[in-house]
Each structure stands twice: as structure tokens, then as C-alpha cells.
Amino acid sequence: MKIVFATNNPNKLKEVQALVPSHIQLLSLTNIGCTEDIPETSPTIEGNAIQKAQYIKENYGYDCFADDTGLEVDILNGDPGVYSARYAGESKDSDANMDKLLNNLKEKDNRKAQFKTVVALHINGTLETFTGICLGTITKQKRGDKGFGYDPIFMPNEYRKTFAELPLEEKNSISHRAKAVKQLVVFLNN
Ligand code: IMP
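Residues numbered from 1 in each chain as written. Predicted model: local features only at pLDDT ≥ 70, side-chain atom pairs only at ≥ 80, totals over all residues. Heavy atoms only, no water.

Caption draft 1: Structural detail: the side chain of Asn172. Mapped onto the secondary structure, Asn172 falls in helix H4 (residues 168–174). Asn172 gets classed as buried once you look at its relative accessible area, which sits at 6%. Among the polar contacts made by the side chain of Asn172, one reaches the main-chain carbonyl oxygen of Glu15 at a distance of 3.0 Å. (Helix = DSSP H or I, 4+ residues; strand = E, 2+ residues; numbered from the N terminus. Buried < 20%, exposed > 50% of the residue type's maximum accessible area, 1.4 Å probe, protein only. Polar contact = N/O pair within 3.5 Å; in protein donor to acceptor, adjacent residues only side chain to side chain.)

Caption draft 2: Seen up close, helix H2 (residues 45–60). Look at H2: 23 Å from first C-alpha to last across 16 residues, which is about the 22 Å you get at 1.5 Å a residue. Elements in contact with the buried residues of H2: strand E1 (2–5), strand E3 (64–73), strand E5 (112–123) and strand E6 (126–138). (Expected span 1.5 Å × (residues − 1). Contact = heavy atoms within 4.5 Å.)

Caption draft 3: Spotlight on unusual backbone geometry. A cis amide bond, omega -5°, links Asp79 with the succeeding residue Pro80. Even without a glycine there, the phi angle at Glu107 is positive, about 70°. Mapped onto the secondary structure, Glu107 falls in the loop between helix H3 (94–104) and E5. In this model, Glu158 sits at a positive phi of 75°, which is unusual for a non-glycine residue. The topology assignment puts Glu158 in the loop between strand E7 (154–156) and H4. Owing to a relative accessible area of 80%, Glu158 belongs among the exposed residues under this scheme.

Caption draft 4: Examining the pairing of E1 more closely. Note: E1 against strand E2 (residues 25–27), 3 bridges, orientation parallel. Considered in E2, the bridge of Ile3 is made with Leu26. In this fold, the crossover linking E1 to E2 by way of helix H1 (residues 10–17) has right-handed handedness. (Pairing = 2+ DSSP bridges. Right-handed = clockwise from strand over helix to strand, strands pointing away.)

Caption draft 5: Up close: the layout of surface pockets. Counted as a void, the largest pocket has a volume near 1,000 Å³. Lining the largest pocket are 40 residues, and of these Asn9, Lys12, Glu40, Ala85 and Lys92 lie nearest its centre. Of all elements in the fold, only H1, H2, E3, H3 and helix H5 (176–189) reach the threshold of two or more residues within the lining of the largest pocket. Here the lining of the largest pocket takes 5 residues from E3, the largest share from any one element. For the lining of the largest pocket, a count of residues per class yields 13 nonpolar, 15 polar and 12 charged. (1 Å grid on protein atoms, 1.4 Å probe; cavity = no way out; pocket = protein on both sides within 12 Å on 5 of 7 lines; lining within 4 Å. Points joined across faces, edges and corners; volume = space filled by probe spheres on them. Nonpolar A, V, L, I, M, F, W, Y, C, P; charged D, E, K, R; others polar.)

Caption draft 6: Here's a closer look at the site of the ligand. With respect to spatial proximity, 14 residues lie near the ligand, and among them Lys12, Asp151, Lys171, His176 and Arg177 are the closest. Within the backbone of Tyr150, a nitrogen or oxygen atom sits 3.0 Å from a nitrogen atom of the ligand. Here a nitrogen atom of the ligand and a side-chain polar atom of Asp151 are 2.6 Å apart. Its free accessible area being 480 Å², the ligand has 89% of it covered by the protein chains. Cavity membership is defined here by more than half of the atoms lying within 2 Å of grid points; on that basis the ligand lies in the largest pocket. (Near = heavy atom within 4 Å. Areas by Shrake-Rupley, 256 points an atom, 1.4 Å probe, with all protein chains shown as cover. Sits in = over half its atoms within 2 Å of the grid points.)

Coordinates in, geometry out; function isn't part of it.
Encoded structure:
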């Protein structure tokens, strides 16, 4: 079975490829010739995931799934949330995003946060969504060089390491994206 995963983020592709069984072959946006930026204009994470999946179905005709993720920080009332990618500006620079967040949490004791991923699946004319949440805290400094995005400053609960210090298999055993993708796989297998 072939299905489009609406991303060109190599890290997301690697994570998700490792979670789906080998009979499900993932096609990336590059694989289907989609090089433009897909609009993400919804005020919610779920809305953006749905928007991306629908865009691919409508413009390229493929069954597909898309994910959208946000980092929600308790003391910032859920920010950066749906604006996580552009938190420090349109350049979507991960280092600048993390610096801004660390600065906004300076001197704050409550550093609780959660990653939330919504996967939207467009298949056989129907739409399904799957949500995964991973609870943790924001560290005071960046640590580790694995992963991507905010991984160097997110420490999942029960761990003493940030996502960027964990091997991919370990991040994939507990992460927000893994929790959503596991539900997707169950659905596809049925
Ligand atoms: P999007 O889902 O690609 O729109 O991601 C929104 C923002 O969250 C971007 O800044 C990503 O780099 C970041 N992000 C998405 N998934 C993860 C993750 O698993 N770990 C750390 N940062 C992530």
C-alpha cells in the first residue's frame, strides 16, 4: 500500500517511516512533485493538519496524511502552540524559536509543557484525525544534537534527557507524533 505523507521534513519522515509496517510505503511531497508551501492558515493544530491533507487530495489526487505539531507551555497559556514554527519570525528558525522561548521562561519555576501532534488522514473520501500528546518540561538550556525543532529544550516526563539527547527509537517510543501515528497504523491495518 502506498500513501502520501505530506511533509518534506526529513526528520519527520524518518520518525514516521520507523513506525509504519513495511507493507505501507510512504511517499513524501518531493516524491509526488509538490514543491510549493502548503497553506497552514488555521488557528488550530487540528485545522492545519486537515488543511494540509485536503490540499494534497484536492491538488494532487492522492490519499494522504499530514501532521501538525505544536509545543504548548502551561505558564504561557499554551503558547507557542499553533504558532510554534514561526514563534520567532517567518524564517521558522529553530534556534531562534528556542532562544525566544527560553527567554520568555527566564526565572519561571513552572516549566511544564506538552507537545501535541494531530495527524489528519484523507482516505477513500473520508477524513480521520488522530491526536498524540507528550507531557514534559522545558529545560533551562539546550541539550543534545539529535532530532529537530524544539527537541533540545524538551524533557519528557520520567526522563532526565531531552528529546535531542535520546536515540530516535526512544523518542519514537514515547513521543506525541508516535502516539498519533500508532493510532493511524491501527486504522490503516483495519
Ligand atoms: P510543524 O508540525 O512542522 O508545523 O511544526 C511546528 C513546529 O514544531 C516547528 O517549529 C517544528 O520544528 C516543531 N516540531 C514539530 N515536531 C517536533 C518534534 O517532534 N520535536 C521538536 N519540535 C518539533
